[in-house]
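# Examining the three-dimensional arrangement
Spelled out, the chains give:
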Amino acid sequence: DYVRDHGDCVGRRSQYRPSACAMSSWWAIDYSYPYTSSCQVSGNCVTDGPGYYGAYESCTYRALQPMTVSATEYSQESYYDYLRIKGVGYYSSYSPPTGVSLDTGHTVTWTSDGSLQYSGYTLCATAAVASSPPSPSYVITILVIVIIQD
């Protein structure tokens, strides 16, 4: 089996690489451990899969376009199993990632330890809304020349 790298199936799958060509137009899985990890891409969402996640899982998803992400499910062992998005850890089921902006190439990492497992996460993306440029402000300068004749 071959795995994708930046959109192309380029290398043989290994213990540290995801299942064959695991990506969508939104996400790619850059790293997955163990090989049997349940980390998945499904359209605009990433998830640990159905049921409880496994012990010692780790995977990294890469955004393939600008997006805003929010968790639609987030149940994990607080402080030990977590998502990390743009360097920020989401360590509690009570404060899942909501409305986080990602640019193309930003990563989301999932990590679980070996003790307790829960139902896990589903993180879904919506297209980033481009901000409109500020309205131009105009400065009108009126030059008045008065010529006085004697």
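Residues numbered from 1 in each chain as written. Predicted model: local features only at pLDDT ≥ 70, side-chain atom pairs only at ≥ 80, totals over all residues. Heavy atoms only, no water.

All right, on to the pairing of strand E7 (residues 67-75) then. Sheet topology places E7 next to strand E10 (residues 100-102); three bridges connect them, and they run antiparallel. Note that in E10 the partner of Met67 across the bridge is Leu102. Relative to strand E12 (residues 120-127), E7 is paired through eight bridges, and the arrangement is antiparallel. Looking at E12, one finds that Ser70 is bridged to Cys124. (Pairing = 2+ DSSP bridges. Helix = DSSP H or I, 4+ residues; strand = E, 2+ residues; numbered from the N terminus.)

Moving on: the packing of aromatic side chains. Within this structure, the stated rule accounts for five aromatic pairs. Seen from their ring centres, Trp110 and Tyr121 are 4.7 Å apart, and the 45° between their planes marks the pair as tilted. Of this pair, Trp110 sits in strand E11 (residues 107-111) while Tyr121 sits in strand E12; the two residues are 11 residues apart in sequence, bridging distant segments of the chain. Both residues of the pair, Trp110 and Tyr121, count as buried. (Phe/Tyr/Trp six-rings, centres within 6.5 Å; stacked < 30°, edge-to-face > 60°. Buried < 20%, exposed > 50% of the residue type's maximum accessible area, 1.4 Å probe, protein only.)

Pairing is antiparallel across the open sheet formed by five strands, whose spatial order is E3-E6-E11-E8-E9. The sheet terminates laterally at strand E3 (27-33) and strand E9 (88-90), the two strands that pair on one side only. This sheet shows a mean twist of 20° between the axes of neighbouring strands, independent of strand direction. (Axes fitted to C-alpha atoms, helices over the stretch in contact; angles between N-to-C directions.)

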